[in-house]
Amino acid sequence: IILNYLLEQKYSVVSILGEGGVGKTRLSMAVAEAVAEDLDATPFVDGVWFVSCAAIAASAATQEQLAISIGAAVGIQFQGAKSAFEQLTDYIAKKAMLLIIDNFEHLEAYFWLLELLLQLAKSVRLLITSRHALGGLDERSIRLDGLEIPLFTENQMHHTISQSELAHLLAIPSIQILQSRAEKL
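Residues numbered from 1 in each chain as written. Predicted model: local features only at pLDDT ≥ 70, side-chain atom pairs only at ≥ 80, totals over all residues. Heavy atoms only, no water.

## Let's talk about helix α3 (residues 62-74)
Piece 1. With 13 residues, α3 should cover 18 Å at 1.5 Å per step; its first-to-last C-alpha distance of 18 Å lies within 8% of that length.
Piece 2. Residues T62, L66, A67, I70, G71 and V74 constitute the buried set of α3. Angular distribution of buried residues about the axis of α3 spans 165°; they occupy a single face of the element.
Piece 3. If you follow the buried residues of α3, they end up packed against β2 (48-52), α4 (84-92), β3 (97-102) and α5 (111-120). (Helix = DSSP H or I, 4+ residues; strand = E, 2+ residues; numbered from the N terminus. Expected span 1.5 Å × (residues − 1). Buried < 20%, exposed > 50% of the residue type's maximum accessible area, 1.4 Å probe, protein only. Arc of directions from axis to C-beta. Contact = heavy atoms within 4.5 Å.)

## Quick look at the packing of α3 against α5
Piece 1. The N-to-C vectors of α3 and α5 enclose an angle of 50°; their axes lie 10 Å apart at closest approach. The angle between the axes of α3 and α5 places the two elements in the oblique class. The way α3 lies across α5 gives a crossing that is right-handed. Counting all contacts with α3, which are made through Q63, L66 and I70, the residues of α5 involved are W112, L113, L114 and L117. (Axes fitted to C-alpha atoms, helices over the stretch in contact; angles between N-to-C directions. Parallel < 35°, antiparallel > 145°, perpendicular 65-115°, else oblique. Left-handed = near helix turned anticlockwise from the far one by under 90°.)

## Focus on the side chain of T129
Piece 1. Counting through the fold element by element, T129 comes out in strand β4 (residues 124-130).
Piece 2. We classify T129 as buried; its relative accessible area is 0%.
Piece 3. Within polar-contact distance, the side chain of T129 engages the backbone nitrogen of N103 at 2.9 Å.
Piece 4. With residues near it in sequence (within four places) discarded, T129 still touches I16, K24, T25, S28, I101, D102, N103, F104 and E105. (Polar contact = N/O pair within 3.5 Å; in protein donor to acceptor, adjacent residues only side chain to side chain.)

The following block contains the structure:
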């Protein structure tokens, strides 16, 4: 669905929404891998770039921090008197790339900066992960919900579960993920 929104329907912004730990970053990275596998078949000839916003503080310097983070991801060497945001827009204005903007929820008040960036760089698309909807005009959102929790796990377990209960339990995706992660420890 996400690839369809980006490549076929050509949305400028696709956002993956959901609570913390639901898999937004993992899904965005899977999209990046799928695009990178056949970059020549996509409009993103200048690449796919991952930008983490986790360390950016919402403050008076947010615009510059965001520009520096995006610039660092795409390899800009900032120099001169122009602001980092101006240098970023100059650099990517003629680029065709996908920027994955991760953990944007605490910066949603600064979404206008990303929209401005898109106005100045017509061939750039954004895949944004956030806990909250951003409300962009040319945005398509996908909400991720948590995985199913088995009903009988909500009750106290004072008895041994049966083979059929165990088989049912092991077929649930959330339990499979838990089992996989536990096996790696």
